[in-house]
Structure formats: C-alpha cells, structure tokens
Amino acid sequence: MSDITKAINAIKEQLGSQLCIMGHHYQHDSVIRHCDITGDSLELARKLSDVSARHIVFCGVFFMGESAALLAGPDQNVYLPAPDADCMMALMALPRMVRNVLEYLNGQGRRILPLAYVNTTLALKAVVGEYGGAVCTSANAETMLRWALQEADAVLFLPDKHLGRNTGKKLGLGPNDWHILRCNGHGLKEPESQPLDRRLLLWPGCCAIHARLKPGQVQTARETYPDCRIVAHPECNPALIDLCDGAGSTSYLIREAARLADEVPGSTLIIGTENNLVQRLAVQHAATCHILPLGQAYCPHMAKVTETKLLDTLLAITAQGAERQAKPVQLKTELCPPARLSLLRMLEVCG
Ligand code: SF4
C-alpha cells in the first residue's frame, strides 16, 4: 500500500461519519477505491439525500460538485479535489445565449420548454428552472423528454445534440420532428431560415470524448469478434448507436456487463464509453467475460482528480482553522432557487 493510500485511509478513519467521499464511474481506480459512494450522475444525485456527513468530497467534474452543493444541507460542505476539472460539453451552452434563444422561441407563439442534461453549469440550470424546464440524466432522458413533450408545444434539449436525438428516436420521433439549431455568439443564426416549428429543438453541443468513437469502429469490431455484443452510451453519434446491439446510460452499461458475464460465460462485450469504466468492468468480469473498449475515449477532465489531490483535499479539511483551509464549492445565491427547481423537477418526475 502506498503512503498516499495509507494517509487517505488514516484521515477517513479519523473523520469517520463526518466524511463521505463520492465518485463518478469515470474516475480512475486509484480514486474510486477510496469512495464511499460511486455512481452515475443520477445515482449520485439521488444518494446525496441519504448522506449526513458534514464534509462531502466529490470526485468528479465541476458541474457535479455544483449539483451536489445545491442539493446538500445547510450544515454540509462539498469539496472538489480538482476544482479546475471542466466539462467541454457543459461549457458549450452559455446561459446568456440559451436565454436569448428561449426568449426568441417563446416569442413566436409556441411554448418551448428547456430540458437540460445534468452536464451543465449552475447558471444554465437556473435559466432552465426559470423557464419551467427540468434537468435530465442519460438514465432518465427518455422519461424526462416524454414529460417535457407533454408539458409544452416543443422542447429545447441541451447541450447534447446526440443524446437528444438518440432519446427522441426511442420515443418514435423522426428526422422531420427535430432540428439542430444553428447559433452564433449571441443566439440563433438567421432564425427565419431554420425549421423552428419542429417538436424537438437540439442545442448544437456534444461530448468530445464520446464523439471520438466512430461508426467504422463498430464495423471493425464485428469483423474481429463476429459473435460479440456491442453496447454504447447515448452521448455517441446516432449513426454509431444505430449499429450497436444496445445503448444506454452508464448504469445500463454496468448492468449489461454483469448480465452477459452471468448468462453467457465466455462471450465478448464491446463497450463504447469512457475507458476508465470499461477497464474496471473488464477486470471485474475477467473470469467469465471478455470486455473491451470500442475505441480510445478517456476524459481528460475527469482525470484531473487524482489520488494525490484527494489526499490534499482531505488534509486541508482536517486542518480547518489552522494554516491550511479547504475551500468548499461556493454557489451564487441568486442562482440557487431556480437551479434547484430544475433538479427537483427531475427528481419529482422520476420518483
Ligand atoms: S466524458 Fe464528456 S460529458 Fe463527461 S465529463 Fe468528460 S467531457 Fe464532460
């Protein structure tokens, strides 16, 4: 056991129930092994309500820390071991631009409801909450999109055009039902020339990590492993998803690996998503199932959280009041009520 691991274990023991370390599945094993709670975005948001610890250390990217701080109690503090861990996709939907677009669209005589993937900034969630919209995750995108389509004339899904389109397809929407918005730095670009009367309007963002995976890799995998099963995350391009045997959230991919390892020993499963998760599943099911990544896809932002930074955060927490102080996630007060509303709407609709 390394000195870092020993030091983290000692602080965990010292703080006991005052500390809870939460980690997203895309984290490296060296970090995940210290987490008390692991999960995808939806699981972590749900489990937070059961956490009573004073100090919550969240191993993930910034928007996850923001959501955790938003849902945490008044006596709890949330800490990010790597506050600079951005998410490219979250930064693709600027709140000011989204507000301009929503103002324009709602001024055209139809009610347009925003539905934002949880991978967004607090400021964006606040805009969504103000316009009566909600947040969704990849695990409940179908339920939430169905809800949003019933609530309004049309839905603005943001920021992930791929997740929006893949989810729309599952609900039976076709190419004439959706439109990927063309935007400039302020809002819509030449709105008169765009088919804005569609039911599903998609923000032109995507996850650059999942977008690295290409349909050609599915074809190559089938040629190399003719009997394999291929599943992927719906942040991947719809053309790739169409070639797969199944698609779903991180928790779906984890369940698929466990199911195949259990029901079809000796089979090969190829997974298109962030590679830290795929590697963990490959090790976990190595005795019964051959699990491989569809292609290289490591998230550099998630990788900013390291075991060393986790230890630094814990040391700073234990030294509070002394020479070192840990800085909890601070949220702009005025953004909290509307942003919380957008998250709570999701938790209400999904139970
Ligand atoms: S994998 Fe994609 S969506 Fe997830 S944190 Fe990284 S850049 Fe953001």
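Residues numbered from 1 in each chain as written. Predicted model: local features only at pLDDT ≥ 70, side-chain atom pairs only at ≥ 80, totals over all residues.

Enquirer: Lay out the overall build of the protein in plain terms, naming residues and giving numbers.
Expert: Helices and strands together make up the secondary structure of the protein, namely 14 helices and 13 strands. Here the C-alpha atoms of the protein give a radius of gyration of 21 Å, agreeing with the 20 Å that 2.2 N^0.38 yields for 351 residues. If one aligns the C-alpha atoms of the protein with their principal axes, the spans along those axes are about 60 × 55 × 35 Å. Burial status across the protein gives 48% buried among its 351 residues. (Helix = DSSP H or I, 4+ residues; strand = E, 2+ residues; numbered from the N terminus. Rg over C-alpha atoms; globule rule 2.2 N^0.38 Å. Buried ≥ 20, exposed ≤ 12 C-beta atoms within 10 Å, placed from the backbone.)

Enquirer: Describe the pairing of strand β10 (residues 229-232), with residues and values.
Expert: Direction of pairing for β10 relative to strand β12 (residues 268-272): parallel, over a ladder of 4 bridges. Across the sheet, residue Ile-230 finds its bridge partner in β12, namely Ile-270. (Pairing = 2+ DSSP bridges.)

Enquirer: With reference to specific residues and values, describe the domain arrangement of the protein.
Expert: Quoted interface sizes are often the accessible area lost when the parts come together. Once the domains are mapped, the protein shows domain 1 (3-85 + 301-318), domain 2 (90-208 + 339-350) and domain 3 (210-293). Averaged C-alpha coordinates put domain 2 and domain 3 at centres separated by 28 Å. Domain 2 puts 13 residues into the contact, and the matching count from domain 3 is 14 residues. Looking at the side of domain 2 that touches domain 3, its residues break down into 5 nonpolar, 5 polar and 3 charged. (Domains from an automatic or database assignment. Contact = placed C-beta atoms within 7 Å. Nonpolar A, V, L, I, M, F, W, Y, C, P; charged D, E, K, R; others polar.)

Enquirer: Residues and numbers for the site of the ligand, please.
Expert: Close to the ligand lie Val-61, Cys-87, Met-88, Met-89, Asn-119, Cys-207, Ile-209, Glu-274, Cys-299, His-301 and Met-302, which account for all nearby residues. Here the residues of the shell around the ligand are counted per class, giving 8 nonpolar, 2 polar and 1 charged. (Near = placed C-beta within 6 Å.)

Enquirer: Account for the pairing of strand β13 (residues 290-293), with residues named and values stated.
Expert: Alternating residues of β13 divide into Ile-291 and Pro-293, all buried, and His-290 and Leu-292, none buried. Once you follow β12 into helix α12 (residues 275-284) and on to β13, the crossover reads as right-handed. (Right-handed = clockwise from strand over helix to strand, strands pointing away.)

Enquirer: Now, about the sheet that holds β10: what can you tell me, with residues and values included?
Expert: One open sheet accounts for 4 strands, arranged β11-β10-β12-β13; its pairing is parallel. Edge strands, defined here as strands with exactly one partner in the open sheet, are β11 (246-247) and β13. With 4 bridges connecting them, β12 and β13 associate as parallel partners. The residue of β13 that forms the bridge with Thr-268 is His-290. Across the face of the sheet, helix α11 (residues 250-263) comes into contact with β10, β11, β12 and β13 while running at roughly 175 degrees to β12. Contacts from α12 reach β12 and β13, with the element oriented near 170 degrees to β13. (Axes fitted to C-alpha atoms, helices over the stretch in contact; angles between N-to-C directions.)

Enquirer: Would you mind going over helix α14 (residues 336-350) in detail, with residue names and values included?
Expert: Taking 1.5 Å of rise per residue, 15 residues should cover 21 Å, and α14 covers 21 Å from first to last C-alpha, within 8% of that figure. Buried-residue contacts for α14 involve α4 (62-71), β5 (112-117), α6 (122-130), β6 (134-136) and α7 (141-151). One or two residues past the end of α14 sits Gly-351, with phi positive at roughly 75 degrees. (Expected span 1.5 Å × (residues − 1).)

Enquirer: How would you summarise the environment of Val-51 if you had to cite specific residues and measurements?
Expert: Relative to the helices and strands, Val-51 resides in the loop between α3 (41-48) and β3 (55-59). Take Val-51: there are 18 C-beta atoms within 10 Å of it, and that puts it in the partly exposed class. C-alpha of Val-51 to C-alpha of Ser-17: the two residues are 34 residues apart in sequence and 9.5 Å apart in space. Contacts of Val-51, omitting those with residues within four sequence positions, involve Cys-20 and Ile-56.

Enquirer: Break down the packing of α3 against α4 for me, citing the residues and quoting the values.
Expert: Two numbers describe how α3 lies on α4: the axes approach to 10 Å, and their chain directions differ by 25 degrees. The pairing of α3 with α4 is recorded here as roughly parallel in orientation. The element α3 and its partner α4 pack so that their crossing is right-handed. Only Met-64, Ser-67, Ala-68 and Leu-71 of α4 make contact with α3, whose side of the interface consists of Ser-41, Leu-44, Ala-45 and Leu-48. In terms of residue class, the contact of α3 with α4 is built from 6 nonpolar, 2 polar and no charged. (Parallel < 35°, antiparallel > 145°, perpendicular 65-115°, else oblique. Left-handed = near helix turned anticlockwise from the far one by under 90°.)

Enquirer: Tell me about the nonpolar core, and please be specific about residues and values.
Expert: Counting 113 residues, the largest nonpolar core has Phe-58, Leu-115, Val-155 and Ala-232 as its most contacted members. Counting residues per element, this core draws most heavily on α4, which supplies 7 residues. In this structure, Phe-58 is in contact with Met-22, Met-64, Gly-65, Ala-68, Val-78, Tyr-79 and Leu-80, ignoring residues within four places of it in sequence. (Core = buried A, V, L, I, M, F, W, Y, C linked by C-beta atoms within 7 Å.)

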